[in-house]
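One letter stands for each residue in the lines below.
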Amino acid sequence: MKLFAVFGNPIAHSKSPILHNYTLYKLKIDARYSRYLLDSSKDFRELFFLLGLSGANITLPYKEDVANICDEICGIAQKIGAVNTIIKKDNKIIGYNTDAIGFYKNIESKNIKNALILGAGGSAKAIAMILKEKNINVIISNRSKKNLSFFDEKGFETCINDEILECTKKIEFDIIINATSSSINNTLPLQKDSLESLFERSKIAFDLMYGKECIFLEFAKIKGLDTINGSKMLLYQAIPALSIFTNIDETKIKPHMEYIYNIINHD
Ligand code: NDP
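Residues numbered from 1 in each chain as written. Predicted model: local features only at pLDDT ≥ 70, side-chain atom pairs only at ≥ 80, totals over all residues. Heavy atoms only, no water.

### Describing the domain arrangement of the protein
Domain boundaries in the protein define domain 1 (2–97 + 232–265) and domain 2 (101–229). Between domain 1 and domain 2, the C-alpha centre-to-centre distance is 25 Å. Contacts between the two partners involve 16 residues from domain 1 and, on the opposite side, 20 residues from domain 2. Approximately 1,500 Å² of surface area, both sides summed, lies buried where domain 1 meets domain 2, with 67% of it carried by carbon and sulfur atoms. (Domains from an automatic or database assignment. Contact = heavy atoms within 4.5 Å. Buried area = accessible area lost by both parts, 1.4 Å probe.)

Written out as structure tokens, the structure is:
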């Protein structure tokens, strides 16, 4: 039997085991997918091999740490420097990033030209890189300066949250993406008045969190924006991840994963 798992902290809320286990069962693959709470990424490499895993998903806050212990990194993950999917191959760890395409699938039909990303962590990097690949203008704002250097080096326009109104001037955004973990803590990612001003000149608000209402999207709805939460991003990153784990084409995985997603998702 092949073993897969998701690692993160927190992890109890993760719906990945349900999506993957149901689909593995329907595809008649002898495999199980579990979850592990990881206190630190320090001995992750040893742990991954010790547990006999064939592959894993990595979530908050370890995507960049795990990218650093991969033997090889493939595709867009090379540009992002963060991985959410790893496999064992010839006793090596190979890393991938399916968050980027998982995010993009949500908006590909929406004619987005200008985007503002709040946050500068692993998922902000994934989103920024895929939007850049699709020729969408992107500004990144974060509460602290240090994590913005990645984006500065890649030629993105960046600012700190305290300067966001000055920095974005009167730009109208097709989408504002909350890629911070503020919603997990039930706080807004920015000062309320700054956010209000940004929402007044934006069309869509996207929050990566899924599973419950968040105040970022509640506020956006009040200001009249269309809203998207992170639940479909979870689905769309899980489909290519399982394809990487099993070598099975995404078209065979998709109907089963969509079916169980629709059962467990009540958004
Ligand atoms: P990281 O830990 O890598 O980055 C977190 C970012 O959020 C940092 O830029 C941090 O700022 C900022 N931040 C944290 N708390 C606050 C706050 N209270 N106010 C303002 N900024 C804050 O996290 P990830 O990028 O991996 O994940 C971010 C979120 O996206 C998580 O909630 C995660 O669960 C969700 N996610 C959802 C996915 C899905 O499939 N739906 C996929 C991936 C992620 P600083 O740099 O100053 O520390």
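Having seen the model, we can carry on.
### What about the packing of aromatic side chains?
Here a ring pair, both rings aromatic, is described through the centre-centre distance and the interplanar angle of the planes. If you walk through the whole model with that rule in mind, you get 11 aromatic pairs. Look at F7 and Y36: their rings are 5.2 Å apart centre to centre, the planes differ by 15°, and that puts the pair in the stacked class. Here the residue F7 occupies a position in strand β1 (residues 2–8), and Y36 occupies one in strand β2 (residues 31–37), the gap between them amounting to 29 residues. Feature note: the residues F7, Y36, F44, F48 and F49 constitute an aromatic cluster, connected by ring pairs. The ring of F156 is capped by K132, whose NZ or CZ atom sits 4.9 Å from the centre of that ring. (Phe/Tyr/Trp six-rings, centres within 6.5 Å; stacked < 30°, edge-to-face > 60°. Helix = DSSP H or I, 4+ residues; strand = E, 2+ residues; numbered from the N terminus. Lys NZ or Arg CZ within 6 Å of the ring centre and 35° of its normal.)

### Details of the packing of helix α11 (residues 231–246) against helix α12 (residues 250–264)
Taken N-terminus to C-terminus, the directions of α11 and α12 make an angle of 140°; their axes are 9 Å apart at the nearest point. Here α12 runs oblique to α11, going by the angle between their axes. In the packing of α11 onto α12, the handedness of the crossing is right-handed. Contacts from S231, K232, L235, A238, I239, P240, L242, S243 and T246 in α11 reach E250, I253, K254, M257, E258 and Y261 in α12. Here the residues of the contact of α11 with α12 sort into 8 nonpolar, 3 polar and 4 charged. (Axes fitted to C-alpha atoms, helices over the stretch in contact; angles between N-to-C directions. Parallel < 35°, antiparallel > 145°, perpendicular 65-115°, else oblique. Left-handed = near helix turned anticlockwise from the far one by under 90°. Nonpolar A, V, L, I, M, F, W, Y, C, P; charged D, E, K, R; others polar.)

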